[in-house]
Amino acid sequence: MIYSWDASLETGNDIIDTQHKQLIEALNGLILAYQGGKGPDELLRTLDFLSAYVIRHFTDEEALQVQYNYPDYQRHRLYHNEFRRTIEKLSAEISEKGPTDELILVTIKTVADWLIHHIKSDDFKLAAYINFMSGRSPIL
């Protein structure tokens, strides 16, 4: 299943939304590499890119939280750290056992489920707070 960016995922913050779009594209890259029967090297390269981009996004998003003194920063960062560990564990398992169908499918589902849920819950709240602090919109 390929994921599409749509209005239901827009937080209203250009920086966050741009990176979320790129995360969705990276996830779709992994899905397409898997569906296209790409070899283990291509799957691992695609997964490495996705993992690295997740870390970059979290770093950038956490910097915004610090910049705007986001009151829920510690909890939000904890969720990011938990997901980083999940990605690291999955990546290590795939590196050790190879990109089996089962591991790739679990990775795709884990990343997609977490990302969509996190955007629609925690990141919506963050973006609303940043917009409010920037004078662009009321907190929802």
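The preceding data block contains the structure.
Quick caveat: nothing in here was measured; it's all calculated off a predicted structure.

Parameters at a glance
Residues numbered from 1 in each chain as written. Predicted model: local features only at pLDDT ≥ 70, side-chain atom pairs only at ≥ 80, totals over all residues. Heavy atoms only, no water. Helix = DSSP H or I, 4+ residues; strand = E, 2+ residues; numbered from the N terminus. Rg over C-alpha atoms; globule rule 2.2 N^0.38 Å. Buried < 20%, exposed > 50% of the residue type's maximum accessible area, 1.4 Å probe, protein only. Contact = heavy atoms within 4.5 Å. Core = buried A, V, L, I, M, F, W, Y, C linked by side-chain atoms within 4.5 Å. Axes fitted to C-alpha atoms, helices over the stretch in contact; angles between N-to-C directions. Parallel < 35°, antiparallel > 145°, perpendicular 65-115°, else oblique. Nonpolar A, V, L, I, M, F, W, Y, C, P; charged D, E, K, R; others polar. Phe/Tyr/Trp six-rings, centres within 6.5 Å; stacked < 30°, edge-to-face > 60°. 1 Å grid on protein atoms, 1.4 Å probe; cavity = no way out; pocket = protein on both sides within 12 Å on 5 of 7 lines; lining within 4 Å. Points joined across faces, edges and corners; volume = space filled by probe spheres on them. Expected span 1.5 Å × (residues − 1).

1. Quick word on the overall build of the protein
Line of reasoning, step 1. When its secondary structure is counted, the protein shows 4 helices and 0 strands.
Line of reasoning, step 2. Taken from N to C terminus, the helices and strands of the protein fall in the order α-α-α-α.
Line of reasoning, step 3. A compact globule built from 140 residues would reach a C-alpha radius of gyration of about 14 Å, and the protein, at 16 Å, matches this within 12%.
Line of reasoning, step 4. Each principal axis of the C-alpha distribution contributes one length, and for the protein these read about 50 × 30 × 20 Å.
Line of reasoning, step 5. Put simply, the protein has 140 residues, and 42% of those count as buried.
Line of reasoning, step 6. Across the protein, contacts joining residues at least 24 apart in sequence account for 68% of those joining residues at least 6 apart.

2. Side note on the nonpolar core
Line of reasoning, step 1. Judged by nonpolar contacts, the single largest core of 25 residues is most densely connected at L27 and L50.
Line of reasoning, step 2. Mapped onto this core, the elements with two or more residues apiece are α1 (14–35), α2 (40–67), α3 (73–97) and α4 (101–133).
Line of reasoning, step 3. What L50 contacts, discounting residues up to four positions off in sequence, is L23, A26, L27, L30 and V111.

3. Some points on the packing of α2 against α3
Line of reasoning, step 1. Remark: α2 packs on α3, axes separated minimally by 11 Å, with the N-to-C direction vectors making an angle of 170°. Between α2 and α3, the angle falls in the class roughly antiparallel. Residue-level inspection shows L44, L47, S51, V54, I55, F58, T59, E61, E62, Q65 and V66 of α2 in contact with α3, the latter providing Y73, H76, R77, H80, F83, R84, I87, S91, I94 and S95.
Line of reasoning, step 2. A breakdown of the residues in the contact of α2 with α3 according to their chemical character gives 10 nonpolar, 7 polar and 4 charged.

4. Here's the deal with the packing of aromatic side chains
Line of reasoning, step 1. A full pass over the atoms with the stated rule returns 5 aromatic pairs.
Line of reasoning, step 2. Through successive ring pairs, a cluster of aromatic residues spans F58, F83 and W114.

5. Quick word on empty space enclosed by the protein
Line of reasoning, step 1. Enumeration according to the criterion identifies 1 cavity of 30 Å³ or more in this entry.
Line of reasoning, step 2. Volume-wise, the largest cavity comes out at about 40 Å³.
Line of reasoning, step 3. Looking at the largest cavity, the residues that line it are L23, L50, V54, F58, F83, V111, W114 and L115.
Line of reasoning, step 4. Among the residues making up the lining of the largest cavity, the classes are represented as 8 nonpolar, no polar and no charged.

6. Quick look at the environment of D123
Line of reasoning, step 1. Mapped onto the elements, D123 comes out in helix α4.
Line of reasoning, step 2. A sequence separation of 103 residues divides D123 from H20, and the C-alpha atoms of the two residues are 10.0 Å apart.

7. Brief notes about α3
Line of reasoning, step 1. For α3, which comprises 25 residues, the first-to-last C-alpha distance of 36 Å matches the rise-based estimate of 36 Å (1.5 Å per residue) to within 8%.
Line of reasoning, step 2. Within the span of α3, buried status applies to Y73, H76, H80, F83, R84, I87, L90, S91 and I94.
Line of reasoning, step 3. Those residues of α3 hidden inside the fold are in contact with α2 and α4.
Line of reasoning, step 4. Just downstream of α3, G98 is the residue with a positive phi angle, here 90°.

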